[in-house]
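# Structure at a glance
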Amino acid sequence: MAVAGILLAAGSARRFGAQKLLHPLANGTPVGVAAAHNLVRALPGGVAVVRPGDHDLIAALSATGLMIVENPLADQGLGSSLAAGVRATRHAGGWLIALADMPWVAPSTIRRLADGLREGAAIVAPVYHGTRGHPVGFSSSWGERLQQLSGDEGARGLLTAHPEQLSIETTDDAGVLIDVDHPHDLDQARD
């Protein structure tokens, strides 16, 4: 079963104060590009959902091998971007939804989650020291509902409404919990 990787990269970065996905990590790699590389290493051939006209980010993410999906409804929130990514890959056997501001998720973690979907999980997510993190995977049975998402909550409502469908992958990868919202978050660099 082909699991499609979807990198959500259409946020506004208001809390960061600048285009955080192009901000370099300690090793010089931009935040979003690092997240994209990790996704592509585990699941080649995925998509990145971006804001229309975000030319520098589009060029940077295209160079990683991701197909670009421009979401004209990006201002409506994460849900619309997730829906756009699923629509662009609607024939996939499942989706692994990664966040472009989480550059420290290990490719091996992404592979394990995708394997969970291939082995029959309906929804799969990593847990580090008792806390659920990202990315989150959904089987093809969720495709129609994912394509109808809108708003800023993303797929959280599906997870809340169907906790019995969630399979947990315990991990020692702290990167599943660490995102970049503010410039000081870059101090947590693990590259």
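What you see is a predicted model; the values in this text were computed from it and never measured.

### Considerations on the nonpolar core
In terms of nonpolar packing, the biggest core is built from 60 residues, with I6, L7, L61, L82, W95, F138 and L146 touching the most fellow members. Broken down by element, this core gets its largest block of residues, 7 residues, from helix α1 (residues 31–42). Not counting residues within four places of it along the chain, the set of residues in contact with L61 comprises L7, A9, G32, V33, A36, A48, V50, L66 and I68.

### A few points about the environment of V69
Of note, V69 is situated in strand β3 (residues 67–70). Separated by 101 residues in sequence, V69 and T170 have C-alpha atoms that sit 31 Å apart. Discounting residues that sit within four places of it in the chain, V69 has contacts with V47, A48, V49, V50, A84 and A88.

### Points about the pairing of β3
Two elements, strand β2 (residues 47–50) and β3, share 4 bridges in a ladder whose sense is parallel. Bridge assignment links V50 to a residue of β3, and that residue is E70. Between the parallel elements β2 and β3, the chain passes through helix α2 (residues 55–62) in a crossover that is right-handed.

### Some details on α1
In this model, α1 (12 residues) spans 17 Å end to end at C-alpha, consistent with the 16 Å of a helix rising 1.5 Å per residue. For α1, the buried fraction is high: 10 of the 12 residues fall into the buried class. Three or more residues of α1 are buried, namely V31, G32, V33, A34, A35, A36, N38, L39, V40 and A42. Looking at the packing, one finds that the buried side of α1 touches β1 (3–9), α2, β4 (94–99) and α4 (107–118).

### Regarding the side chain of N71
Within the secondary structure, N71 is located in the loop between β3 and α3 (78–88). Reaching out from N71, the side chain makes a polar contact with the side chain of S81 at a distance of 3.0 Å. If we ignore the near neighbours within four places in the chain, the residues touching N71 are V49, V50, R51, P52, S80, S81 and A84.

### Description of the environment of V47
Structurally, the position occupied by V47 is in strand β2. With 21 residues separating them in the primary sequence, V47 and I68 have C-alpha atoms 5.7 Å apart. Here V47 is in contact with G5, I6, L7, L66, M67, V69, G85 and T89, once residues within four sequence places are set aside.

### Remarks on the pairing of strand β7 (residues 136–139)
The side-chain alternation of β7 yields two buried faces, one formed by V136 and F138 and the other by G137 and S139. Where β4 meets β7, 4 bridges bridge the pair, whose relative direction is antiparallel. Directly across from G94, in β7, lies its bridge partner S139. Of the strand pairs in this sheet, strand β5 (residues 123–128) and β7 are connected by 2 bridges, and their pairing is antiparallel. The residue of β7 that forms the bridge with I123 is F138.

### Some remarks on the environment of Q165
With respect to the helices and strands, Q165 occurs in the loop between α6 (156–161) and β8 (166–170). The exposure class assigned to Q165 is partly exposed, which follows from its relative accessible area of 31%. Separated by 138 residues in the primary sequence, Q165 and N27 have C-alpha atoms spaced 39 Å apart. With sequence-adjacent residues up to four places away left out, Q165 is seen in contact with A122, I123 and W142.

### Overview of the packing of aromatic side chains
Taken as a whole and assessed by the stated rule, the structure comprises 1 aromatic pair. Judged by centre distance (6.4 Å) and plane angle (70°), the rings of F138 and W142 are edge-to-face. Residue W142 is classed as buried on the basis of its relative accessible area of 2%.

Reading guide: rules and limits
- Residues numbered from 1 in each chain as written.
- Predicted model: local features only at pLDDT ≥ 70, side-chain atom pairs only at ≥ 80, totals over all residues.
- Heavy atoms only, no water.
- Core = buried A, V, L, I, M, F, W, Y, C linked by side-chain atoms within 4.5 Å.
- Buried < 20%, exposed > 50% of the residue type's maximum accessible area, 1.4 Å probe, protein only.
- Helix = DSSP H or I, 4+ residues; strand = E, 2+ residues; numbered from the N terminus.
- Contact = heavy atoms within 4.5 Å.
- Pairing = 2+ DSSP bridges.
- Right-handed = clockwise from strand over helix to strand, strands pointing away.
- Expected span 1.5 Å × (residues − 1).
- Polar contact = N/O pair within 3.5 Å; in protein donor to acceptor, adjacent residues only side chain to side chain.
- Phe/Tyr/Trp six-rings, centres within 6.5 Å; stacked < 30°, edge-to-face > 60°.

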